[in-house]
Amino acid sequence: MTETPEKSPAVYRLLPKLAEYQQLTPNSWDLRQLKRWQRLGAEEDRPVRFRAEWAGERNWPKGDFPSGYPGAPILSRRLIDQFGADALRAAGNLLPVDIEDAKGDEYYLLLVEQVVDCLDLRRSSKPKKLNGEVKHAVYRTDALPSHLPAFRLPQFPGAVQWNGWAADRLVEFTGDQIEARLCWSGDPTAVPHPDPWGF
């Protein structure tokens, strides 16, 4: 599935809404390794496993998109089946998440491998030196990979950018579970989130 032609291209950050759902907290070592691979791209740093544990009240339901870390989107098997595993794999690999004390839970890290240089550097804010974060992003529509559900930028490799059509579908499938923060839109009347990568 690709973006519908009558809709302006848009890019989002997705994160779980602050609601009564349990969320997954990644293992700190595995998260560091993921960030190192995203930053340096060395094959020896490529994650082969990803561990996490549930956080939140035990009586709360487990979310379908339970990780707010910008570069570590985790999806439930149910959400993957609804969206389509092959469509997600266009962006990268689905890596099973090993959840502490919850062996029956089936969740996957979307390891986004597609890095696309589509940022308009002249019109965007300067990337932060520490992590490359771009607070005010403007994308080049001729280079935007609208056929992919998600991608990463070489200037900001530790963050997953979601194309509008994919963000819309994930929000639709999960109801009130996902917050979609607009980073940029081809529609000049759309107002981006003031701090899309903040907490």
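Treat the numbers as computed from the prediction; the structure is a model and nothing was measured. (Residues numbered from 1 in each chain as written. Predicted model: local features only at pLDDT ≥ 70, side-chain atom pairs only at ≥ 80, totals over all residues. Heavy atoms only, no water.)

> So what exactly am I meant to see when it comes to the overall build of the chain here?
For the chain, the count of helices and strands is four helices and nine strands. Along the chain direction, N to C, the helices and strands of the chain fall in the order β-β-α-β-β-α-α-β-β-β-β-α-β. Computed over C-alpha atoms, the radius of gyration of the chain comes to 16 Å, within 12% of the 16 Å expected from 2.2 N^0.38 for 199 residues, which places it in the range of a compact globule. Counting only C-alpha atoms, the chain reaches 50 × 35 × 30 Å along its principal axes. Scored against the burial criterion, the 199 residues of the chain give a buried share of 50%. The contacts in the chain between residues at least 6 apart in sequence include a share of 66% that link residues at least 24 apart. Total accessible area on the chain is roughly 10,200 Å²; 50% of this is exposed by carbon and sulfur atoms. Here the chain carries 26 positive and 28 negative side-chain charges, and the mean point of each set is 6 Å from the other. (Helix = DSSP H or I, 4+ residues; strand = E, 2+ residues; numbered from the N terminus. Rg over C-alpha atoms; globule rule 2.2 N^0.38 Å. Buried < 20%, exposed > 50% of the residue type's maximum accessible area, 1.4 Å probe, protein only. Contact = heavy atoms within 4.5 Å. Areas by Shrake-Rupley, 256 points an atom, 1.4 Å probe, with all protein chains shown as cover. Lys, Arg positive; Asp, Glu negative; His and termini not counted. Charge placed at Lys NZ, Arg CZ, Asp CG, Glu CD.)

> Sorry, what's going on with unusual backbone geometry here?
As a rule of thumb, non-glycine residues mostly have phi less than zero, and peptide bonds are mostly trans rather than cis. Phi at Asp-101 is positive, roughly 60°, even though this residue is not glycine. Position of Asp-101 relative to the elements: it lies in the loop between β5 (92-99) and β6 (107-112).

> What should I look at first to understand the packing of aromatic side chains in this one?
In this description, an aromatic ring pair is defined by two values, namely the gap between the centres and the angle between the planes. Applying the stated criterion across every chain, the model contains six aromatic pairs. Ring geometry for Tyr-139 and Phe-151: centres 6.3 Å apart, planes at 90°, overall edge-to-face. Pair noted here: Tyr-139 is in the loop between β6 and β7 (150-151) and Phe-151 is in strand β7, with a separation of 12 residues, a long-range link. Taking the relative accessible area as the measure of exposure, Tyr-139 reaches 3% and is therefore buried. Residue classification places Phe-151 among the buried residues on the basis of a relative accessible area of 0%. (Phe/Tyr/Trp six-rings, centres within 6.5 Å; stacked < 30°, edge-to-face > 60°.)

> Looking at this model, I keep getting lost on the pairing of β6. Mind explaining?
The two faces of a sheet get side chains in turn, since along a regular strand they alternate between them. Of all six residues that make up β6, six are buried, and the element is covered over most of its length. Bridge count for strand β4 (residues 74-76) against β6 is three bridges, and the pairing is antiparallel. In the strand pairing of β6, Leu-75 is matched with Tyr-108. Relative to β6, β5 runs antiparallel, the two sharing five bridges. Bridging across to β6, Pro-96 finds its partner in Tyr-108. (Pairing = 2+ DSSP bridges.)

> Sorry if this is basic, but what is going on with the sheet that holds β5 here?
The strands making up a sheet are joined through hydrogen bonds of the backbone, oriented either antiparallel or parallel. Here five strands make up an open sheet; going across it, the order is β2-β3-β5-β6-β4 and the pairing mixed. Each having just a single partner strand, β2 (23-26) and β4 make up the two edges of the open sheet. Going from strand to strand, the sheet's axes swing by 45° on average, the running direction of each strand aside. Relative to strand β3 (residues 50-55), helix α1 (residues 28-40) is tilted by about 130°, and along the sheet it contacts β2, β3 and β6. (Axes fitted to C-alpha atoms, helices over the stretch in contact; angles between N-to-C directions.)

> Explain the side chain of Gln-177 to me, please; I cannot follow it from the model alone.
The topology assignment puts Gln-177 in the loop between α4 (164-174) and β9 (178-185). Ignoring sequence-local partners within four residues, the contact set of Gln-177 consists of Leu-15, Pro-16, Lys-17, Tyr-21, Gly-63, Asp-64 and Phe-65.

> Can you walk me through the nonpolar core in this structure?
One broad trend across soluble globular proteins is that nonpolar side chains are buried collectively. Formed by 24 residues in total, the largest nonpolar core has its most connected members in Leu-14, Leu-75, Trp-162 and Leu-170. Looking at this core, the elements that each hand over two or more residues are β1 (10-16), α2 (77-83), α3 (85-89), β6, α4 and β9. Ignoring anything within four residues of it in the chain, the contact list for Leu-170 reads Leu-14, Leu-75, Leu-79, Phe-83, Trp-162 and Ile-178. (Core = buried A, V, L, I, M, F, W, Y, C linked by side-chain atoms within 4.5 Å.)

> Is there a simple way to think about the sheet that holds strand β8 (residues 161-163) in this case?
A sheet is described by the order of its strands in space; here four strands give the open sequence β7-β8-β1-β9, paired in antiparallel fashion. Either end of the sheet is taken by a strand with one partner, and the two such strands are β7 and β9. Examined bridge by bridge, β1 and β9 share seven bridges and lie antiparallel to one another. When the bridges of β9 are listed, Val-11 appears paired with Trp-184. This element, α4, spans β1, β8 and β9 of the sheet and lies at about 90° to β8.

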